[in-house]
Amino acid sequence: MKVFLNGQLVDREDARITVFDHGLLYGDGVFEGIRSYNGLVFKLSEHLDRLYDSAKAIELQIPMTKKELENAVIDTLNGNNLRDAYIRLVITRGAGDLGLDPRKCKKATVFIITDRIVLYPREYYEKGLEIIIAKTCRNIKCALDPQIKSLNYLNNILAKIEAIKANAQEAIMLSNDGYVTECTGDNIFIVKKNVLLTPPESVGLLKGVTRHAVMNLAKAAGISVKGVMMKPKDLYSADECFLTGTAAEIVPVTKINDKTIGSGQPGKVTLKLLKAFQESTKVAGVKY
Ligand code: PMP
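Residues numbered from 1 in each chain as written. Predicted model: local features only at pLDDT ≥ 70, side-chain atom pairs only at ≥ 80, totals over all residues. Heavy atoms only, no water.

In this section: the state of the cysteines. Counted under the stated rule, the structure contains 0 disulfides. For cysteine 183, which is in no disulfide, the shortest distance to another cysteine sulfur is to cysteine 241 and amounts to 7.5 Å. What makes cysteine 183 buried here is its relative accessible area of 1%. (Disulfide = S-S within 2.5 Å. Buried < 20%, exposed > 50% of the residue type's maximum accessible area, 1.4 Å probe, protein only.)

Here's what the structure looks like:
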């Protein structure tokens, strides 16, 4: 396996970073998870835009232009002969000293790992996920805005640990004042009376690239889409529920905290959107 590290493709064994890198010492950095389908990188420019927005929010200078990063992603995919891949693009603050001061880090570290995509098991799509609502709430915006896709994922990991302990595949995270935000690595949607509802960005969530694509696909299919504040009781009374994310695409949810959602089977709107989404991945993307 070849890894892109600071301008070069190197063997996996040689892709090494100093223990003084602030990405490691403090989670000081940003990243993206991207996917390619049969030689087409899905929504690459949206992912790069979000990466640069995240970097700007933490005052991190990415030492490459968007075009250079795009080329680096493509070179890494080609260097590994991957047609269907998961791409992890990471920018850290770089090597500094043991203090927090980011000014001590003279140059950001850039690396790109591409690997075969690990698909969710088929049964998740056939039966739907059984998920929980975590006790760990989502970071509040004025502390660490969830819109920043930073290397500090402990907030999400704590909720994920709750899911694992409860034998669930995902956990919904609420805002500090009890509104539904998103899951640990996916956005959430419900369907009520044929309207697609999802928490608004203002609640404090990561603006998922898949979330945005699904909202557009729904509108194109004549389904109305609304961003609304939701409490757990709104989820329990939904006709359908599903999660979206780069790896999951669109995955149905049939149980939340042991309560059955809708008919207990993946819903019609969910399956229609999943089909439309999968069709869109075949035609749109950056070719390599
Ligand atoms: N929320 C969080 C917290 C995430 O980490 C992710 C990405 N795994 C998502 C939502 C989904 O975003 P995207 O559709 O861009 O993958």
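Here helix α3 (residues 66-79) spans 20 Å end to end across 14 residues, near enough to the 20 Å set by a 1.5 Å rise per residue. Residues of α3 that are buried: Leu69, Glu70, Ala72, Val73, Ile74, Thr76 and Leu77. Of the residues flanking the end of α3, it is asparagine 81, one or two places downstream, whose phi is positive at about 50 degrees. (Helix = DSSP H or I, 4+ residues; strand = E, 2+ residues; numbered from the N terminus. Expected span 1.5 Å × (residues − 1).)

Attention now goes to the side chain of histidine 47. If you trace the backbone, histidine 47 turns up in helix α2 (residues 44-57). Among the polar contacts made by the side chain of histidine 47, one reaches the side chain of glutamate 32 at a distance of 2.7 Å. The residues touching histidine 47, leaving out its near neighbours within four places in the chain, are Glu32, Gly33, Ile34, Phe42, Val209 and Thr246. (Polar contact = N/O pair within 3.5 Å; in protein donor to acceptor, adjacent residues only side chain to side chain. Contact = heavy atoms within 4.5 Å.)

Here the focus is the environment of isoleucine 256. Among the secondary structure elements, isoleucine 256 is positioned in strand β14 (residues 249-256). The exposure class of isoleucine 256 is buried, given its relative accessible area of 0%. Residues isoleucine 256 and valine 73, spaced 183 residues apart in sequence, show a C-alpha to C-alpha distance of 37 Å. Ignoring anything within four residues of it in the chain, the contact list for isoleucine 256 reads Ile131, Ile133, Ile172, Leu235, Tyr236, Cys241 and Ile261.

What follows deals with the nonpolar core. If you look at the biggest cluster of nonpolar residues, it comprises 40 residues, and the most contacted ones within it are Ile172, Leu196, Ile256 and Leu273. With 28 residues, the next largest nonpolar core counts Phe4, Leu48, Leu69 and Tyr288 among its residues. (Core = buried A, V, L, I, M, F, W, Y, C linked by side-chain atoms within 4.5 Å.)

On to the domain arrangement of the protein. Parsing the protein into structural domains produces domain 1 (2-115) and domain 2 (122-280). Each of domain 1 and domain 2 was reduced to a C-alpha centroid, and the two centroids are 27 Å apart. Counting residues at the interface gives 24 residues for domain 1, matched by 17 residues for domain 2. The contact between domain 1 and domain 2 buries some 1,500 Å² in all, and 66% of this surface belongs to carbon and sulfur atoms. When the area that domain 1 buries against domain 2 is broken down by residue, the three leading residues are Phe31, Phe42 and Arg50, summing to 38%. Where domain 1 meets domain 2, there are 1 salt bridge. (Domains from an automatic or database assignment. Buried area = accessible area lost by both parts, 1.4 Å probe. Salt bridge = Lys/Arg side-chain N within 4 Å of Asp/Glu carboxyl O.)

Near the ligand, the surroundings consist of 17 residues, among which Tyr153, Glu182, Val209, Thr210 and Thr246 are the closest. Here an oxygen atom of the ligand sits 2.5 Å away from a polar atom, N or O, in the side chain of tyrosine 153. The separation between an oxygen atom of the ligand and a polar side-chain atom of threonine 210 is 2.6 Å. Computed on the free molecule, the ligand has an accessible area of 390 Å², of which 92% lies beneath the protein chains in the complex. Those elements giving two or more residues to the shell around the ligand turn out to be α6 (209-220) and β13 (240-245). Considered class by class, the residues forming the shell around the ligand number 3 nonpolar, 9 polar and 5 charged. (Near = heavy atom within 4 Å. Areas by Shrake-Rupley, 256 points an atom, 1.4 Å probe, with all protein chains shown as cover. Nonpolar A, V, L, I, M, F, W, Y, C, P; charged D, E, K, R; others polar.)

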